[in-house]
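What the coordinates show
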Amino acid sequence: MAFDSIFKADLFQGHTVIVTGGGSGIGRCTAHELAALGAQVILVGRKPDKLAAVAAEIAEDGGIAHCSACDIRDEEAVKTLVSQILNDHGQVHGLVNNAGGQYPSPLASINQKGFETVLRTNLVGGFLMAREVFNQSMSKHGGAIVNMLADMWGGMPGMGHSGAARAGMDNFTKTAAFEWGCAGVRVNAVAPGWIASSGMDTYEGAFKAVIPTLREHVPLKRIGTESEVSAAIVFLLSPAAAFISGSTLRIDGAACLGSRAWPLHKAQPPSEPFNGFHRAYLPDVLKEGK
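**Regarding the pairing of strand β3 (residues 64-69)**
Pairing of strand β2 (residues 40-45) with β3, which is carried by 6 bridges, proceeds in the parallel orientation. Residue Ile42 lies in a different strand from β3, and its bridge partner there is His66.

Set out below in structure tokens:
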């Protein structure tokens, strides 16, 4: 089997694309789709074993992927990483700033270390990757960057540290698009809502119990797939988005748009998901009760 992408098979032939957080979840899916479309994918993350497993999957499917372990929160490590990638693989055409992480907690219970750690992971690390890719490659050759956000438009109760970081990344996306446009660099972002991804299985307790009910709060009455996020990322990297920069594409089934004044009704007919990822699997937390 192969990734069932809606894009033409050679779309990124001869291109090198970095995917941070490429060892699992949306990053893994996006790396698979890019490789299926001809890109040479550079998987970046903190855990070499997870990166190697995804690289092996991509190779088995006939694609090309390389692994580069790095903590993107470390400025010197990021500088060295990008320099090494350029030395080994040449020009970087695309960057998917996907790496991130958070944990559920009310604001009153988040200490300074926890708040700063999430900001460094979800905002500072993405800034460092984008800056170094721009300074070392894209400022000379152009390119496209896609940053990862989340549904934080009405606040992010229970994950205020992540909401603050994602809001910062939204503004960074706009600023970078304006400042770097003269070099032929486009910078956009995607903001997924509730997506059936491996990250859902990292939560415990009360938050875990809520996950299977989330679909009821989405107008389309379902949770999104990794492929639906990946397809949006691929579009924003592609030539079809050549005049799109500084934009954030929401991928949330309109969940962020409503209010209690307009209750949701049963979907008629139910929304059909797109799932082109042949190696996708349902998170364990969503299997319960099926």
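**Some thoughts on the packing of aromatic side chains**
One pass over the structure, following the stated rule, counts 4 aromatic pairs. Plain terms: the ring middles of Phe127 and Phe172 are 5.8 Å apart, the flat faces sit at 90 degrees to each other, and that makes the pair edge-to-face. Within this pair, whereas Phe127 is found in helix α4 (residues 112-141), its partner Phe172 is found in helix α5 (residues 160-180), the two being separated by 45 residues in sequence. Judged by relative accessible area, which is 15%, Phe172 ranks as buried. Taking the centre distance of 6.2 Å and the plane angle of 85 degrees together, the rings of Phe172 and Trp180 count as edge-to-face. The exposure classification of Phe172 matches that of Trp180, with both residues buried. Taken together, the ring pairs in this structure connect Phe127, Phe134, Phe172 and Trp180 into an aromatic cluster. Over the ring of Trp153 we find Arg250, and its NZ or CZ is 4.2 Å from the ring centre.

**A few points about the environment of Ala240**
Locating Ala240 in the fold gives a position in the loop between α7 (226-237) and β9 (248-251). Accessibility expressed as a relative area gives 61% for Ala240, which makes it exposed. Taking the C-alpha atoms as reference points, Ala240 and Gly143, separated by 97 residues in sequence, lie 13 Å from one another.

**Thoughts on the pattern of salt bridges**
If you walk through the whole model with that rule in mind, you get 11 salt bridges. Two residues, Arg28 and Glu57, come together in a salt bridge whose shortest N-O distance is 3.1 Å. Of this pair, Arg28 sits in helix α1 (residues 25-36) while Glu57 is found in helix α2 (residues 48-60), placing the two residues 29 residues apart along the sequence. In this structure, Arg28 and Glu57 share a single accessibility class: buried. Residue Asp71 is joined to Arg73 by a salt bridge in which the shortest nitrogen-to-oxygen separation is 3.0 Å. Linked through salt bridges whose partners overlap, the residues forming this network are Glu60, Asp61 and Arg279.

**Considering the sheet that holds strand β5 (residues 143-148)**
Spatially, the 7 strands line up as an open sheet ordered β3-β2-β1-β4-β5-β6-β9, and their pairing is parallel. Both outer strands of the open sheet, β3 and β9, are each paired with one neighbouring strand and no more. Strand-to-strand, the axes of this sheet are offset by a mean angle of 20 degrees, without reference to chain direction. Where helix α3 (residues 75-89) meets the sheet, its contacts fall on β1 (16-20), β2 and β3, and the angle it forms with β2 comes to roughly 155 degrees. Relative to strand β6 (residues 185-192), α7 is tilted by about 165 degrees, and along the sheet it contacts β1, β4 (94-97), β5, β6 and β9.

**A look at the nonpolar core**
Ranked by size, the top nonpolar core spans 43 residues in total, and within it Ile18, Ile145 and Trp180 carry the most contacts. Among the elements that line this core, the one with the most residues is α4, at 7 residues. Leaving out residues up to four positions away in the same chain, Trp180 has contacts with Ala130, Arg131, Phe134, Ile145, Phe172, Val185 and Val187.

Criteria and cut-off values
Residues numbered from 1 in each chain as written. Predicted model: local features only at pLDDT ≥ 70, side-chain atom pairs only at ≥ 80, totals over all residues. Heavy atoms only, no water. Pairing = 2+ DSSP bridges. Helix = DSSP H or I, 4+ residues; strand = E, 2+ residues; numbered from the N terminus. Phe/Tyr/Trp six-rings, centres within 6.5 Å; stacked < 30°, edge-to-face > 60°. Buried < 20%, exposed > 50% of the residue type's maximum accessible area, 1.4 Å probe, protein only. Lys NZ or Arg CZ within 6 Å of the ring centre and 35° of its normal. Salt bridge = Lys/Arg side-chain N within 4 Å of Asp/Glu carboxyl O. Axes fitted to C-alpha atoms, helices over the stretch in contact; angles between N-to-C directions. Contact = heavy atoms within 4.5 Å. Core = buried A, V, L, I, M, F, W, Y, C linked by side-chain atoms within 4.5 Å.

Function cannot be read off these values alone, since they describe shape.
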